[in-house]
There are 2 protein chains.
Amino acid sequence: MEFLKGMKKTERLELKDIIGGAHRNETVQVSGMVHAKRPVGGGLTFLKLRKRDGLLQCTCGERVDVSKVPEESAVVVTGRLREELRAPGGVELVAEGIEVLSRPAAVMPVPIPKAKLNVNLDTELGLRPVVLRHLRERSVFRVQECLGRAFRDYLRDQGFTEIHTPKIVHAGAEGGSNIFRLDYFGRKAFLAQSPQFYKQTMVGVYERVFELAPVFRAEKHSTARHLNEYTSMDFEMGFINSFEDVMAMETGFLQHAMALLREEYAQDVERLGIRIPDVSAVPCIRFDEAKRLAAERYGYSIRDPYDLEPEEEHAIGRYAREVWESDFVFVTHYPSKKRPFYAMDDPEDPQYTLSFDLLFRGLEVTTGGQRIHDYRAQVAKMEARGMDPADFESYLMAHRHGLPPHGGLGIGLERLTMQLCGLDNVRYACLFPRDLSRLEP
Amino acid sequence: MEFLKGMKKTERLELKDIIGGAHRNETVQVSGMVHAKRPVGGGLTFLKLRKRDGLLQCTCGERVDVSKVPEESAVVVTGRLREELRAPGGVELVAEGIEVLSRPAAVMPVPIPKAKLNVNLDTELGLRPVVLRHLRERSVFRVQECLGRAFRDYLRDQGFTEIHTPKIVHAGAEGGSNIFRLDYFGRKAFLAQSPQFYKQTMVGVYERVFELAPVFRAEKHSTARHLNEYTSMDFEMGFINSFEDVMAMETGFLQHAMALLREEYAQDVERLGIRIPDVSAVPCIRFDEAKRLAAERYGYSIRDPYDLEPEEEHAIGRYAREVWESDFVFVTHYPSKKRPFYAMDDPEDPQYTLSFDLLFRGLEVTTGGQRIHDYRAQVAKMEARGMDPADFESYLMAHRHGLPPHGGLGIGLERLTMQLCGLDNVRYACLFPRDLSRLEP
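Residues numbered from 1 in each chain as written. Chains lettered and ligands numbered in written order. Predicted model: local features only at pLDDT ≥ 70, side-chain atom pairs only at ≥ 80, totals over all residues. Heavy atoms only, no water.

- The name given to chain A in an unreviewed UniProt entry is Aspartate--tRNA(Asp/Asn) ligase, and the organism recorded there is Intestinimonas butyriciproducens.
- Within the UniProt record for chain A, the comment given under Function (unreviewed entry) is "Aspartyl-tRNA synthetase with relaxed tRNA specificity since it is able to aspartylate not only its cognate tRNA(Asp) but also tRNA(Asn). Reaction proceeds in two steps: L-aspartate is first activated by ATP to form Asp-AMP and then transferred to the acceptor end of tRNA(Asp/Asn)." (UniProt positions renumbered as here; feature names shortened; annotations may be inferred.)

See the structure below:
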């Protein structure tokens, strides 16, 4: 009988074991993918090994034959580590032997080692499985990891419980036609547009809950900021005094995320040239006021008083930057008729809701607000909108049996990543995007 | 202009602020749901406040009228904290005033304050939105949170990167008929049965990746261990020496998870009476050997030499408990014809694969193994199975352009939760389960 007792220490070193000076002048083993291979004359060849946390330069002399080791081979190099200030990390591996674990069957369709790829979006997305090996691409999704991690860690620290709610549902939360339909053992079902109903229900259970999971929107427009499947970071919190508590919680998350980015993702921040926004104080302005201020300052007239067009979001973002020196701005009190049935109307003026969007560098990245917690008020609002409360029986069960005042939000992870990394299309911030024409890779 | 600067300190206390003796004999504010209300005579009423981390007992005398405060009201109680060893947490709040934030519209359909609910599975699942308010139910999903958290934290510490891969896909990873179909803007699409293709692809990018996300299986059987939508904890790691590395990594995760459960979820462990398994050494036995040993010991004959029936899994689990004193057992080398096309066959005997299942108390909770990394070998195995490699072009792109030797696994979060908590149906380990007949709540 054999027993497994956890991970054994391996002989092979990772970059974190090497950078900083440990093992200098020792003979070591390092595994990795051959990211780049370049003969430099005098019988010498430079290999750059791609490891999970960066690159390591290897120098191969004539005794180490790499003529049959193409780029994107998986190798284990044995050699001596020596200081080399011109190499990445200030260290290089002088190869004494190389073992090839696997070889590619074809050369790469794009020059992964180059600083810039210079392929168009369509080409890139078709080749995503290999284009992602580019260091810049890797950094984008490391930044994305940081954001999700910061979201969960911050909220857990604030007393939230993580939940997992179904994505196959019998009714959509957002209404409208942008919902995917599927056959569920002969019954009509949908893909969840958001975890809205479930997270509100769970406020009655844990008071504070969050979920990070895919959501699905069958929107038929093809823009640079829409995906048909994206990752939504949702939370919902009970016993709020006002929807301002929700915005304060999001501000706290952003502060935590930017600190984590600075501390643990410095290499990716530097590679992408990310300007980390100051989130110590995020301005907060009413919807109609924001529209008016931006229109006045930039000299355009307001077309739709009930909605923010993308150009207006952009203008308000610019205003926030120029006037309040902030990359973020909360826009509050959206018109009731543009918000879903569960949004709480402002008792001081029921044409508006106690809701908000968060704009980041001129793009909406969050929608949130206070929800109706009272059963009768929720039923009344549904009926006023011509909805049948019977269609939402299991959702309304939570209200019927008591919910505290509560509110929450949903953050689009890809949009947040896109704006932070300065990408011009949200598809660049999604590993394998789904849009009107794209179902693979 | 207003600016949001993060979470403000609130006056209201949480249980963690109270338990241990702080604020004793002070006048404080505490919010919560009225979990139970019980008149105890002499004009006194006991309220149990349900807070996110437990219960707080409140004593209301005649001056604090709670006659119109039914159970499941949301309240803020002002009062004085005093030591009371018979109350949960050793402290009670002597109410001086109560503010009602919301009231339910109907009484609860089940007696949430009782220690046991005594309702059948069907009734319970129909009433899930409110049944989950029961403290035992809350504990089950806190344990589930712990497992997901341990998975992510352990793997990140081991150099894995978190990824998010699409759930709407153009081809299924597991093949077969148990796949949900949907219409994607006029094209045929499917719901992902696993992130298999994508996580293998991402091994070429980050070397080690993980994902915790929903997967969908249109299986038409209704058993106590199947869900049609569940949460899969997946990882995939490159540069393995053998599939034993994958099992060692899982063992490490289990060790971390059990430690975290013991340290931070003690209240839930105690409430559910969880016996935390010893995972310091997990036995590992070949498929055919495991079948033979269990059949011999428990005196039955093997019906299907190529598969493990649920009764056999149970018997092997019992064997592991009795002979090796382990709640877990790795069963290795499953027959090739029962494993998917991407499984690597054992070079020493290609009828078997370098794969494994992990059984926990007699139930399969994990499937994993080494994958084929060589492009030609993968194409050859597909063709031998009558599959057309052209249908898997974007998946094979990763192999064509080089992948290191790698392997990985998928863990069913609900099954792991079920076995750990000693539940007899996996539906109890899923907040809002999806099965043949259940599409809501």
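Back to the text.
**Remarks on the pattern of salt bridges**
Logical step 1: What the rule picks out here adds up to 78 salt bridges over all chains.
Logical step 2: Between Arg 52 of chain A and Glu 207 of chain B there is a salt bridge, and its shortest N-O distance comes to 3.2 Å. You can see Arg 52 of chain A sitting in the loop between strand E3 (44–51) and strand E4 (54–60) and its partner Glu 207 of chain B sitting in the loop between helix H5 (196–206) and strand E11 (208–216), one on each of two chains.
Logical step 3: Each member of the salt-bridge network shares a partner with another, and the members are Glu 14, Lys 51 and Arg 52 of chain A together with Glu 207 of chain B. (Salt bridge = Lys/Arg side-chain N within 4 Å of Asp/Glu carboxyl O. Helix = DSSP H or I, 4+ residues; strand = E, 2+ residues; numbered from the N terminus.)

**Structural notes on the interface of chain A and chain B**
Logical step 1: On the chain B side, the residues contacting the 127 residues of chain A number 127 residues.
Logical step 2: Here chain A packs against chain B, burying approximately 10600 Å² in sum over the two surfaces, 60% of which is carbon and sulfur.
Logical step 3: Ranking the residues of chain A by area buried against chain B places Leu 4, Arg 52 and Leu 439 of chain A at the top, with a combined share of 8%.
Logical step 4: On inspection of chain A and its partner chain B, the count reaches six salt bridges.
Logical step 5: Linking Arg 152 of chain A and Glu 162 of chain B is a salt bridge whose minimum nitrogen-to-oxygen distance equals 2.4 Å. (Contact = heavy atoms within 4.5 Å. Buried area = accessible area lost by both parts, 1.4 Å probe.)

**What about the environment of Val 365 of chain B?**
Residues and elements named next belong to chain B.
Logical step 1: Here Val 365 is to be found in strand E18 (residues 363–371).
Logical step 2: Between the alpha carbons of Val 365 and Met 418 there is a distance of 9.9 Å; along the sequence they are 53 residues apart.
Logical step 3: Residues within four places of Val 365 in sequence aside, it is in contact with Leu 358, Phe 360, Gly 410, Ile 411, Gly 412, Arg 415, Leu 416 and Gln 419.

**What to know about the nonpolar core**
Logical step 1: Core analysis: the biggest nonpolar cluster contains 76 residues, and Phe 151, Phe 235, Phe 253, Leu 261 and Leu 416 of chain A together with Met 202 of chain B have the highest contact counts within it.
Logical step 2: A per-element tally of this core places helix H6 (residues 244–264) of chain A first, with ten residues.
Logical step 3: Not counting residues within four places of it along the chain, the set of residues in contact with Met 202 of chain B comprises Leu 132, Leu 431 and Phe 432 of chain A together with Ile 163, Glu 207 and Val 209 of chain B.
Logical step 4: Core analysis: the second largest hydrophobic core is formed by 74 residues, Leu 132, Cys 146, Leu 358 and Cys 421 of chain B among them. (Core = buried A, V, L, I, M, F, W, Y, C linked by side-chain atoms within 4.5 Å. Buried < 20%, exposed > 50% of the residue type's maximum accessible area, 1.4 Å probe, protein only.)

**Here's the deal with the relation of the copies chain A and chain B**
Logical step 1: The transformation that overlays chain A on chain B combines an axial shift of 0.0 Å with a rotation of 180°, and the residual RMSD is 0.0 Å. Within this description, the copies of the chain are treated as partners about a two-fold rotation axis. For chain A, the minimum C-alpha distance to the rotation axis belongs to Leu 182 of chain A and amounts to 2.4 Å.
Logical step 2: When the interface residues of chain A are mapped onto chain B, 100% of them again lie at the interface, so the same face is used by both copies. (Least-squares fit on C-alpha atoms with pLDDT ≥ 70 in both.)

**A closer look at the sheet that holds strand E5 (residues 74–83) of chain A**
Residues and elements named next belong to chain A.
Logical step 1: Spatially, E2-E3-E4-E6-E5 is the arrangement adopted by the five strands of the closed barrel, whose pairing is mixed. Ignoring strand direction, the axes of neighbouring strands in this sheet form an average angle of 55°.
Logical step 2: Pairing between strand E2 (residues 27–41) and E3: seven bridges, direction antiparallel. When the bridges of E3 are listed, Arg 38 appears paired with Phe 46.
Logical step 3: Strands in contact with helix H4 (residues 135–157) are E2, E3 and E4; relative to E3, the strand with the most contacts, it is inclined by about 20°. (Pairing = 2+ DSSP bridges. Axes fitted to C-alpha atoms, helices over the stretch in contact; angles between N-to-C directions.)

**Here's the deal with the UniProt feature "binding site: ATP" (unreviewed entry) in chain A**
Logical step 1: In the numbering used here, UniProt assigns the feature "binding site: ATP" (unreviewed entry) to Arg 217, Ala 218, Glu 219, Arg 225, His 226, Leu 227, Glu 364, Gly 412, Leu 413, Glu 414 and Arg 415 of chain A.
Logical step 2: Of note, Leu 227 of chain A is situated in the loop between strand E11 (208–216) and strand E12 (229–238).
Logical step 3: Mapped onto the elements of the fold, Leu 413 of chain A is located in helix H12 (residues 413–421).
Logical step 4: In contact with Leu 413 of chain A, other than residues within four places in its own chain, are Gln 144, Leu 147, Gly 148, Thr 231 and Met 233 of chain A together with His 164 of chain B.

**A few points about the environment of Asn 241 of chain A**
Logical step 1: The residue Asn 241 of chain A is located in the loop between E12 and H6 in this model.
Logical step 2: Given a relative accessible area of 57%, Asn 241 of chain A falls into the exposed group.
Logical step 3: Distance in space between the C-alpha atoms of Asn 241 of chain A and Gln 419 of chain A is 31 Å, their sequence separation being 178 residues.
Logical step 4: Among the polar contacts made by the side chain of Asn 241 of chain A, one reaches the side chain of Arg 12 of chain B at a distance of 3.2 Å. (Polar contact = N/O pair within 3.5 Å; in protein donor to acceptor, adjacent residues only side chain to side chain.)

**Side note on the side chain of Gln 200 of chain A**
Residue and element names in this part refer to chain A.
Logical step 1: Topologically, Gln 200 is positioned in helix H5 (residues 196–206).
Logical step 2: For Gln 200, a relative accessible area of 0% puts it in the buried group.
Logical step 3: Within the local environment of Gln 200, its side chain forms a polar contact with the side chain of Tyr 395, the two groups lying 2.7 Å apart.
Logical step 4: Contacts of Gln 200, omitting those with residues within four sequence positions, involve Glu 236, Tyr 342, Arg 371, Ile 372, Tyr 395, His 399, Leu 403 and His 406.

**What about the UniProt feature "binding site: L-aspartate" (unreviewed entry) in chain A?**
Residue and element names in this part refer to chain A.
Logical step 1: Mapped onto this structure's residue numbering, the UniProt feature "binding site: L-aspartate" (unreviewed entry) falls at Glu 174, Arg 217, Thr 367 and Arg 371.
Logical step 2: Inspection of the secondary structure puts Thr 367 in strand E18 (residues 363–371).
Logical step 3: Look past the residues within four positions of Thr 367 in its chain and what remains in contact with it is Arg 339, Phe 356, Asp 357, Leu 409 and Gly 410.
Logical step 4: For Thr 367, the side chain forms a polar contact with the side chain of Asp 357, separated by 3.0 Å.

**Describing the state of the cysteines**
Residues and elements named next belong to chain A.
Logical step 1: Within the structure shown, the criterion is met by zero disulfides over all chains.
Logical step 2: The cysteine Cys 146 is free of any disulfide, with Cys 421 supplying the nearest cysteine sulfur at 10 Å.
Logical step 3: Taking relative accessible area as the criterion, Cys 421 reaches 8% and is therefore assigned buried. (Disulfide = S-S within 2.5 Å.)

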